[in-house]
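Next come the chains, spelled out residue by residue.
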Amino acid sequence: MRKIIAVSIAAGSFIILADRSQAADRDGGAQLAAMCASCHRLDGGDGGIPTILGMSPEMLARAMLAYRSRERPSHIMRAIALSLSDEEIVIVARYLAALNKQVRP
């Protein structure tokens, strides 16, 4: 019986920590995505600059890394990609993918 209680407490603690980590990830993503919003509309609209809301997190992260390494040409996107760490690119890509699910029905 004590083992069951100990396992339950450990599992509950893990779930609470995972929720906090995900919330922090969302918050960090919102801050990082603010710089994206200055050019890309984050409401799903397209004002001449392609939307990034339909992209998978993996595709967006690969694109950002390609801008950083100059595989994809864009002075503006390269500067933005250089300002972000690999971890920040992943965070913002995940945030934008999750935001896409909220904007589109």
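Residues numbered from 1 in each chain as written. Predicted model: local features only at pLDDT ≥ 70, side-chain atom pairs only at ≥ 80, totals over all residues. Heavy atoms only, no water.

## Topic: the confidence of the model for the protein
Consideration 1: Here the protein averages 80 in pLDDT, and 70% of its residues register 70 or above.
Consideration 2: Here residues 13-18 is modelled with pLDDT under 50, and outside its nearest four sequence neighbours on either side it reaches zero contacts, counting other chains as well. (pLDDT = per-residue confidence, 0-100. Contact = heavy atoms within 4.5 Å.)

## Section: the nonpolar core
Nonpolar side chains tend toward joint burial in soluble globular proteins.
Consideration 1: Membership of the largest hydrophobic core comes to 20 residues, with the highest contact counts inside it found for L60, M64, L84, V92 and L96.
Consideration 2: If you list the elements that add at least two residues to this core, you get helix 1 (2-37), helix 2 (57-68), helix 3 (75-83) and helix 4 (86-103).
Consideration 3: It is helix 4 that provides the largest number of residues to this core, a total of six residues.
Consideration 4: Other than its neighbours up to four places away in sequence, M64 contacts M77, I80, A81, L84 and I89. (Core = buried A, V, L, I, M, F, W, Y, C linked by side-chain atoms within 4.5 Å. Buried < 20%, exposed > 50% of the residue type's maximum accessible area, 1.4 Å probe, protein only. Helix = DSSP H or I, 4+ residues; strand = E, 2+ residues; numbered from the N terminus.)

## Quick look at the layout of surface pockets
Consideration 1: Taken as a whole, the largest pocket holds about 380 Å³ of empty space.
Consideration 2: Elements with a minimum of two residues in the lining of the largest pocket: helix 1, helix 2, helix 3 and helix 4.
Consideration 3: Broken down by element, the residue count for the lining of the largest pocket peaks at four residues, all from helix 2.
Consideration 4: Along the lines of polarity and charge, the residues of the lining of the largest pocket split into 17 nonpolar, four polar and one charged. (1 Å grid on protein atoms, 1.4 Å probe; cavity = no way out; pocket = protein on both sides within 12 Å on 5 of 7 lines; lining within 4 Å. Points joined across faces, edges and corners; volume = space filled by probe spheres on them. Nonpolar A, V, L, I, M, F, W, Y, C, P; charged D, E, K, R; others polar.)

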